[in-house]
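Single-letter residue listing:
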Amino acid sequence: MTTYAGPPSVREGLGGSGHRPPPPGPLLAVEDLRVSFGGADVVRGLSLSIAPGECVAIVGESGSGKSVTARTLLGLAGPGSTVRASAFGVSGRDALAFGPADWRRLRGRFAGLVLQDALVSLDPLRTIGAEIAEVLSVHDVVPRARREERVLELLEAVGVPDPAARAGQRPHQLSGGLRQRALIASAIAADPQLIIADEPTTALDVTVQAQILRLLAGRKAAGTALLLISHDLAVVASIADRILVMKDGQIVEEGPAREVLTTPAHDYTNALLAAVPSAASRGTRLTTGAPRTRPTPNPSAQVLAGTALARSYGSRRVVDNVSFTLHEGETLGIVGESGSGKTTLARLALALLDPDSGRISLHQRQWSHLRERARRPLRPRIQLISQNPLDSFDPRHTVGRLVAEPLRLPRARRRARVLDLLDRVGLPPETAARHPRELSGGQRQRVAVARALGPRPDVLVCDEPVSALDVSIQAQVLDLLADLQAEYGTALVFISHDLGVVHHLADRVLVMKDGRVVEEGDVREVFTRPRHPYTRALVASVPRM
Amino acid sequence: MIKRLGAGVAVLWVAATASYVALLLAPGDTIDILIGDGADTPEIRAGIVAEWGLDRPEIVQYLSYLWRLLHGDLGRSYQLQRGVGEILATQVGPTAQLTLAAAATGVALAGVIAVVTAGRGRWLRGAASAAELVSVSVPPFLIGIVLLSVFSFTLGWFPVSGAQGPAALVLPALALGLPIAGVLGQVLRGGLERALEQPFAVTARARGLTERALVTRHALRHALIPAVTLAGWFTGTLLGGAVITEVLFGRPGLGQVAMQAVTGRDMPVVMAVVLLSAAVYVTISTLLDLACRAIDPRIRG
């Protein structure tokens, strides 16, 4: 019912067919774009132009207005928004005069949108084939009889193996990489001249991220223009021609990618670049670049050790013959992709789960296979920081109550201790009265750190503690962890899929694949001279600036 | 699925056993209870003893009662002098008509209101919300009385009572269906609005879909999941509401039968009505389970 097959003249005007030479001039040219929601300005005077075949990247933190900018370019700023601009040209036409129907004709046809995380960005109840076919039917790209065939061609084009079988599957049945490819296939189905990709690789494993970036680079090589939105400069470095750095709704720096990355003019760009953890940032503070003191691991004081651990879920062996040791003041990195058994290992270490075989000791005493009653007095010794603190907080509790919960102190002294802990993690005392939902992602993770520190643990198990954070916030949290470690000599088990983070922070590293440790050793040794082919593949996938 | 069927059978067995235990535990002689307000002669008493095997041990009585149920023999009403199965069979039709019509009315109204008002302006949503609240909070018999006095007594559009022809079905179906429309409408709209805020809705809009197409092709299916779960609840409401509505509108049906059986202490009929409601409930919730799986394939795991 919504199939649109407009008069030929209109569609020609849109440059609807990618096989024709593109119209002269930029695909998109916006001057002084302003977007506000209920009086609050989110985008404040942005100018942007994208030429055919060009890749422009907008880089900034969450809340900088970059996603709103991307959506506004498709007329999707959202309910309650006010969009103003002194000029807004899309495909040579004046978008300021567009009505809803004009925008709909452009969406999908002139520009395709790729969002983060296809698990929720594709309709989870529909097959990916149906999702891709929808674009074909809305814009009447191919006759109905050829649609199915075209869907398979598109899946093939984005590198989905066995398209006929995959087309009938739903996003949850596919791996993260395959469903992201399917999402890209739906965005390019009507052969648009521009792809707008908003954090297209965020939350993907490094090797998958590298594949998706190659796929986008391939589209660019074929002549499609790209607008890439990311919080991570390293991700856009390999593919962008021009980079725009956005902060608080404004572009603070703009230029050819090489220039912005190597000789940034603005302090903020500098800070963003410095915030990316890597081999080079090791031993420094990410937020200031100043050197930091590392605690010296005490090799004679073993705090946590696992021997020949194995654990299965049903018939699937999730952790297979894993051994590790952790000493006082040491940071043990565990890297691997999703499904490699990292989180199960964390749960084993926390004794939230007992291994099927093998044993774990805490301070040289039995820790696995204990009765909970015997384990409980030891629990304060080992604490967890999880990826998404919001899920691990009771949303009805205030921050003060959350931090106080693990403390075994008389009421009178509890409050002072909570405020002290909040102060340690850099949060003002007022935070104690607030609820986790009112805090930003970085503040929430600070609360999680404060709560974990409360019982003065010897071991902190950090399971992807910064994966959901922007680079700049990630830098603050990593610095905080390093400072606290230096102060208290806490040992860290640091689980991450991000090799840069682990290289920055860890002393030793375990590389996990399919539940096994394929390589382990000193982090510098393992990452600079990887021996196992899998480690080599991981290291090669890390985006570089 | 086999587990689901087993659970259904277990529910039926429990319902049968519970009503049997109620019969045994009821104060007074079991024969008196079974006769209720019916004619009481030595022949009838002898017949009851034979039918229910009251001269045999209780466990044998119970097993033979289950055995008879398995064969579809629901016993005999000594008040109405007819087989219970026969009584129910003649009354099931009007009740099925009423409940199905009410369910259809409720679902259709809820669907239309939700699709039209989801994500729209404050006034439209507020009005729909208020109407829903009223229909939910006012008891069905009151809605029935209002409908009757307006459309039957004053305007004379629909018959006051009886079950002759489709016109007689309109008001009872509305009275029974409106509360369902109220609850279901709120759930559906909530589901639609949540779905429309999901990232996949942005992706779908970015394909050039109209809002209407987005609602019907994508969001509605998401909103159906909580609505279908809720449908299990309104099966009970419908069955209970049918009793009141039938009495109010003077319609024949199971409600009338149940009402008379309870007031006349016609135990065999009461027991059969309990069993029948349990059977209907089990059947519908099994069907709804299947529907949920069809709507959301992720449930299969």
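Residues numbered from 1 in each chain as written. Chains lettered and ligands numbered in written order. Predicted model: local features only at pLDDT ≥ 70, side-chain atom pairs only at ≥ 80, totals over all residues. Heavy atoms only, no water.

Turning to the pairing of strand β7 (residues 111–114) of chain A, a few remarks are in order. Two faces, one strand: in a regular strand the side chains alternate between the faces of the sheet. Residue and element names in this part refer to chain A. The side-chain alternation of β7 yields two buried faces, one formed by Ala111 and Leu113 and the other by Gly112 and Val114. Here β7 runs beside strand β8 (residues 194–198); their pairing, made up of 4 bridges, is parallel. Paired with Gly112 across the bridge in β8 is Ile195. (Buried < 20%, exposed > 50% of the residue type's maximum accessible area, 1.4 Å probe, protein only. Helix = DSSP H or I, 4+ residues; strand = E, 2+ residues; numbered from the N terminus. Pairing = 2+ DSSP bridges.)

In this structure, the second largest pocket encloses a volume near 870 Å³. Forming the boundary of the second largest pocket are 27 residues, of which A:Gly78, A:Pro79, B:Leu196, B:Arg205 and B:Glu211 lie nearest the centre. Class assignment for the residues of the lining of the second largest pocket results in 13 nonpolar, 5 polar and 9 charged. (1 Å grid on protein atoms, 1.4 Å probe; cavity = no way out; pocket = protein on both sides within 12 Å on 5 of 7 lines; lining within 4 Å. Points joined across faces, edges and corners; volume = space filled by probe spheres on them. Nonpolar A, V, L, I, M, F, W, Y, C, P; charged D, E, K, R; others polar.)

Let's shift gears to the domain arrangement of chain A. A common way to report how large an interface is uses the accessible area buried once the components associate. All names here are of chain A. Assigned domains of chain A: these are domain 1 (26–273) and domain 2 (298–541). Placing a centre on the C-alpha atoms of domain 1 and another on those of domain 2 gives a separation of 34 Å. Across the boundary between the two partners, domain 1 contributes 11 residues, which contact 12 residues of domain 2. Of the roughly 1000 Å² buried where domain 1 meets domain 2, counting both sides, 50% is carbon and sulfur surface. (Domains from an automatic or database assignment. Contact = heavy atoms within 4.5 Å. Buried area = accessible area lost by both parts, 1.4 Å probe.)

Residue and element names in this part refer to chain A. Here helix α18 (residues 441–453) is 13 residues long and its end C-alpha atoms lie 18 Å apart, about the 18 Å a rise of 1.5 Å per residue gives. With 11 of 13 residues buried, α18 is to be regarded as a mostly interior element. Listed in full, the buried residues belonging to α18 are Gly442, Arg444, Gln445, Arg446, Val447, Ala448, Val449, Ala450, Arg451, Ala452 and Leu453. Along its buried surface, α18 packs onto β17 (382–385), α15 (389–392), α16 (399–404), α17 (411–424), β18 (459–463) and α19 (471–488). (Expected span 1.5 Å × (residues − 1).)

All names here are of chain A. For helix α22 (residues 533–541), the complete set of buried residues consists of Tyr534, Thr535, Leu538, Val539 and Ser541. Buried residues of α22, viewed axially, fall in a sector of 165 degrees; they line one side. Those residues of α22 that are exposed and aimed more than 90 degrees away from the buried face are Pro533 and Ala540. Lining the buried residues of α22 we find α9 (206–221), α20 (499–505), β20 (508–513), β21 (516–522) and α21 (523–528). (Arc of directions from axis to C-beta.)

All right, on to empty space enclosed by the protein then. Residue and element names in this part refer to chain B. Going through the model one piece at a time under the given rule, you end up with 7 cavities of 30 Å³ or more. Put simply, the largest cavity is a space of about 90 Å³. Lining the largest cavity are Trp52, Tyr65, Arg68, Leu69, Asp73, Leu74, Gly75, Pro268, Met271, Ala272 and Leu275. Counting only elements with at least two residues in the lining of the largest cavity, the list comes to α4 (58–70) and α12 (267–295). Per element, the largest residue contribution to the lining of the largest cavity is 4 residues, and it comes from α12.

Our focus in this paragraph is the pairing of strand β10 (residues 242–247) of chain A. Residues and elements named next belong to chain A. Counting buried positions along β10 yields 5 of 6 residues, so the element is predominantly enclosed. Relative to β10, strand β3 (residues 55–59) runs parallel, the two being bridged by 4 bridges. Counted as the bridge partner of Ala57 is Ile243 from β10. Strand direction decides the pairing type here: β10 and strand β11 (residues 250–256), joined by 6 bridges, are antiparallel. Counted as the bridge partner of Met246 is Ile251 from β11.

The interface is formed by 28 residues belonging to chain A together with 22 residues belonging to chain B. Buried area between chain A and chain B, both sides added, is near 2200 Å², and the carbon and sulfur share of it is 60%. For A:Glu134, the salt bridge is made with B:Arg217, and the minimal N-O distance between the two is 3.6 Å. For the side of chain A that touches chain B, the secondary structure elements donating two or more residues are β7, α4 (118–121), α5 (128–138) and α8 (176–187) of chain A. When residues of the side of chain A that touches chain B are assigned to their parent elements, the largest contribution, 5 residues, is made by α5(A). Considered class by class, the residues forming the side of chain A that touches chain B number 13 nonpolar, 7 polar and 8 charged. (Salt bridge = Lys/Arg side-chain N within 4 Å of Asp/Glu carboxyl O.)

Overall, the coordinates contain 39 salt bridges over all chains when judged by the stated rule. The network of salt bridges with common partners includes A:Arg126, A:Glu131, A:Glu134, B:Arg207 and B:Arg217.

Taken together, the side chains of A:Arg371, A:Arg373, A:Arg376 and A:Arg408 define a basic patch exposed on the protein surface. Inspection of the secondary structure assignment puts A:Arg371 in the loop between β16 (365–366) and α14 (372–375). (Patch = residues over 30% accessible without salt bridge, like charges linked within 9 Å, V, L, I, M, F, W, Y side chains within 5 Å. Areas by Shrake-Rupley, 256 points an atom, 1.4 Å probe, with all protein chains shown as cover. Lys, Arg positive; Asp, Glu negative; His and termini not counted. Charge placed at Lys NZ, Arg CZ, Asp CG, Glu CD.)

Moving on to a nonpolar patch on the surface. All names here are of chain B. Taken together, the side chains of Met1, Leu5, Leu287 and Leu290 make up a nonpolar region of the molecular surface, amounting to roughly 390 Å² of accessible area. Note that Leu287 resides in helix α12. The class for Leu287 is exposed, based on a relative accessible area of 52%.

The next subject is the sheet that holds β18(A). All names here are of chain A. With mixed pairing, the 6 strands of this open sheet are ordered in space as β17-β18-β19-β14-β20-β21. Whereas interior strands pair on both sides, the edge strands pair on one side only; in this sheet they are β17 and β21. Along the sheet, successive strands turn relative to each other by an average axial angle of 15 degrees, direction set aside. Where β18 meets strand β19 (residues 491–496), 5 bridges bridge the pair, whose relative direction is parallel. Along β19, the bridge assignment pairs Leu460 with Leu492. Sheet strands in contact with α18 are β17 and β18, and its direction is about 175 degrees off that of β17. (Axes fitted to C-alpha atoms, helices over the stretch in contact; angles between N-to-C directions.)

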